[in-house]
Every structure is written in C-alpha cells, then in structure tokens.
Amino acid sequence: MFVYADNAATTKVSRKALEAMMPALEDLYGNPSSLHQAGRAAEAALWNARERIAACLSAEPREIYFTSGGTEADNWAITEAARLGALKGKKHLITSAFEHHAVLHTMQKLEKQGYEVTYLKVHEDGLIRPEEVAAAIREDTALVSIMYANNEIGTIQPIRAIGEICRERGVLFHTDAVQAVGHLPVNVREDLVDMLSFSGHKFHGPKGIGGLYVRKGIPIRNFMEGGAQEFRKRGGTENMPGILGMAAALEEACSHMAEDSARVARMRDRLIEAIGKLPKTRLNGHPSQRVPGNVSFCFEGIEGESLLLRLDLQGICASSGSACTSGSLEPSHVLLAIGVPKEIAHGSLRLSLDASNREEEVDYIIEKLPGIVETLRDMSPVWEEMKA
C-alpha cells in the first residue's frame, strides 16, 4: 500500500484545480495587462479569481496580493511593517521562537539593520499565551508576527485574542497562515489581522503561487519593481494558471471544510491514541488544539531519518518536521522551543493527513509503525542504555 502522509509539506493538485488551470494554458493566454480582447479576457479571469479567494478569507479583492508563495508573502509583510514602524520611530518587533524560517530569518536580517526583536517563549503545549504578547508590546513596537498554526506540530494559536490586543494597542499584526488557510475557517475581519500569508500548494493548489492579505489602508511599498501588476505593488506578469488553480482549490476546500475537518480529525486522533501507547513516546504539542491532520511524536532511542527511511520502504511518506529544513542535521527549532531535549528531538516524526487520506491508510500506519520503531530500537545502543 502507498500512503501519502506528508500533506503539511505539500499536497497533490486537485482535479478541480487542474481543470481551472487548463483555460489559462489553452485559451486565456493573453497578458492581463494588454488592452486587446485576449488581454481583457485574462484580466476578467484574474479579477474573478481574486474575488473568490477574498471571499474565502472574508477580505476585499483589492486586499489580496498574489505572490510566489508563503515565503515571499512573509518577507513582504514583515519588511514593510518594519519600514512603516521605523518611519514613526518604532523599531521593535515581536514574534515567537518557533515560527517558520521565512519569518525567523527575516527578523534576524532586520536585527542586523538596527531593529530589536522579542522572541516570545512557546510553552510545552505548543501555544503562545496572549497575555505574554500583551506584556511584550512597548511604545516602540511596530509589529507582532505570530503564525496561525505551526507547520511542524500543528498547534493552533489564539489568533483572535492576539489580534484584539494588537488592535487595541495600535500595533500591526501579521500571521503566517500557510498551514491554516484551506484547513481552518480563517476570517481576517473577525481575527483582526492586518496582514496574512498563504500558499496554494498547502490546500491542493499548484506550487509557486500564494498570496498576502493586507488590510485596506496600510500603505505597503512595492515588493518588486517592474510593472503595474498587483495594484502597482508587485511587478511581473501574473501567474495565471497558478492563480486560477489556487482559487479553485481554496474554494473547494472551504466549501466542505467542516465535514472534511471532522473526518480528518477522527483519523488524527486514532493515530495519536495508537502511537501514544508505544513506550518512551512523546506527543508534541497540544492534544486537541491542533490542525485536523497533524500528528507529531518523538521516539526516544532512535533517529528520525532512519524511521522515515523504514516507513518509506513500507510505502508510507512522512517527515521529521518542516520540509524546508529536511537537509539539516540539527534538531528541529520548533521542538527545542517547546522544551523537547535535543537528544529526543532527533527522533521526531510528523504525519500530516488531509481529506484525501482514508481510514485504511490509517490502519496501515498503525500496523507498520510499531514494528519499525521496535526494530530500530533493537539496533540502537542508546536504547540499550535507556533500558539498562
């Protein structure tokens, strides 16, 4: 059996997304900036996609800017918020210690440019406390950037509560919602976010396309120079196949999110219950306040890479954390941030399910995983020391 349980890394493009992309490759090939009829047809399709995506997020179409993905959107939002703050003499930024590296590395770059960054502690349950965000805000705070849901352990942050604090204090609030959009009911108005990043390939859209929501009235500067695209804020001919595919995928995901989430959460909970019975095994993050399909564990006495290879031989695709850091030999910064000891963090496993997965696939994982863990521990001198 083949089981794809790495949907947090990327998802298969859905049939509806593929069908939506084909007209942009066959018929709507005109440049949306052109004045002739082929250009006008493409422009109409582009605006329609922007309206549909905005509706899924409870935003206005002109508040949606298309990007190459979540990483670009994070970079754009943070650097612009920092610049706007500096214009008012505010050069203090707040984030968490377990953000995606698109956020952390951008913050570190800004530190070299004279900004001060507060990295909030993440508690053992993988959650940020709103009161700690409030306590960290100062008179010179320009931005708070807290992810909506963690990409490795899946914990869902109290975004609305944080948004209320930031709005009351007059501080811009950005959230990296790459793992949330298409899986959770995201509403930018009710969540009181000022900027929000998302990426199409996380919800069965194509790769290479994403977006940034920017609340109307925030005067962001151009991210890329060149043309008048994206309301003159991001030059470059629009990725029409990607945009149309992403719009179709998000619309499909949002149309039956409640029933899909409930079914996926049941599969997630079955995995958590079964895996949690293995000895010296630790669930990472809050047991229930997590995205529907995320299952993250650490196994003492084994290496995560060996576990992934053994699972792959059985046809199970999984990961040890974020795909963006899979080439690193260092333990996950996310796991270290929630207090997992370094030696245990090396033995991590992330299984990420979504609506494309089936109950029999969960059965198969439950059948194969314990034996693999036992085999690897039998081969491990570290495990022998633990048992001694």
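Refer to the preceding data block for the structure.
A. Structural context of the overall build of the protein. Each helix and strand counted, the protein has 14 helices and 12 strands in total. With the C-alpha coordinates of the protein rotated into their principal frame, the extents come out at 75 × 50 × 35 Å. Counting every position in the protein, which comprises 388 residues, the buried fraction comes to 55%. The protein carries 43 positive and 52 negative side-chain charges, and their two centres are separated by 4 Å.

B. Quick look at unusual backbone geometry. A positive phi angle is found at Ser58, which is not glycine, with a value near 60 degrees. With respect to the helices, strands and loops of the structure, Ser58 is situated in the loop between helix 2 (37-57) and strand 2 (64-67). The backbone phi angle of His204 is positive, close to 75 degrees, even though this residue is not glycine. Here His204 shows up in the loop between strand 7 (195-199) and strand 8 (210-214). Taking relative accessible area as the criterion, His204 reaches 19% and is therefore assigned buried.

C. Quick look at the packing of helix 3 (residues 70-87) against helix 4 (residues 101-112). Between helix 3 and helix 4, the least distance of the axes is 9 Å, while the angle of their chain directions is 35 degrees. Here the hand of the crossing between helix 3 and helix 4 comes out right-handed. Facing helix 3, whose interface residues are Thr71, Asp74, Asn75, Ile78, Thr79 and Ala82, helix 4 presents Ala102, Val103, Thr106, Met107 and Leu110. Taken together, the residues of the contact of helix 3 with helix 4 break down into six nonpolar, four polar and one charged.

D. How the structure looks around the sheet that holds strand 6 (residues 172-176). Reading across from one edge, 2-8-7-6-5-3-4 is the order of the seven strands in this open sheet, with mixed pairing throughout. In the strand order of this sheet, the two ends are held by strand 2 and strand 4 (116-120), each with one partner. Across this sheet, the average inter-strand angle for adjacent strands is 20 degrees, counted without regard to direction. Bridging between strand 2 and strand 8 involves four bridges; their strand directions are antiparallel. Within the sheet, the bridge partner assigned to Thr67 lies in strand 8 and is Gly210. Each of strand 5 (141-145) and strand 6 is contacted by helix 6 (residues 159-169), which is oriented at about 160 degrees to strand 6, the strand it contacts most.

E. Quick look at the pairing of strand 10 (residues 294-299). Of all six residues making up strand 10, six are buried, and the element is well covered by its neighbours. Neither face of strand 10 is left uncovered, since the one carrying Asn294, Ser296 and Cys298 and the one carrying Val295, Phe297 and Phe299 both have all their residues buried. Examined bridge by bridge, strand 9 (residues 281-283) and strand 10 share three bridges and lie antiparallel to one another. Across the sheet, residue Leu283 finds its bridge partner in strand 10, namely Phe297. As defined by bridge partners, strand 10 adjoins strand 12 (residues 348-352) across five bridges and the pair is classed as antiparallel. Bridging across to strand 12, Ser296 finds its partner in Arg350.

F. Spatial organisation of the side chain of His201. Considering the arrangement of structural elements, one finds His201 in the loop between strand 7 and strand 8. Accessibility expressed as a relative area gives 16% for His201, which makes it buried. At 2.7 Å, the side chain of His201 and the side chain of Thr10 are in polar contact. Residues contacting His201, with those up to four places away along its chain left out, are Ala9, Thr10, Thr11, Pro206 and Lys207.

Rules and cut-offs
- Residues numbered from 1 in each chain as written.
- Predicted model: local features only at pLDDT ≥ 70, side-chain atom pairs only at ≥ 80, totals over all residues.
- Heavy atoms only, no water.
- Helix = DSSP H or I, 4+ residues; strand = E, 2+ residues; numbered from the N terminus.
- Buried < 20%, exposed > 50% of the residue type's maximum accessible area, 1.4 Å probe, protein only.
- Lys, Arg positive; Asp, Glu negative; His and termini not counted.
- Charge placed at Lys NZ, Arg CZ, Asp CG, Glu CD.
- Axes fitted to C-alpha atoms, helices over the stretch in contact; angles between N-to-C directions.
- Left-handed = near helix turned anticlockwise from the far one by under 90°.
- Contact = heavy atoms within 4.5 Å.
- Nonpolar A, V, L, I, M, F, W, Y, C, P; charged D, E, K, R; others polar.
- Pairing = 2+ DSSP bridges.
- Polar contact = N/O pair within 3.5 Å; in protein donor to acceptor, adjacent residues only side chain to side chain.

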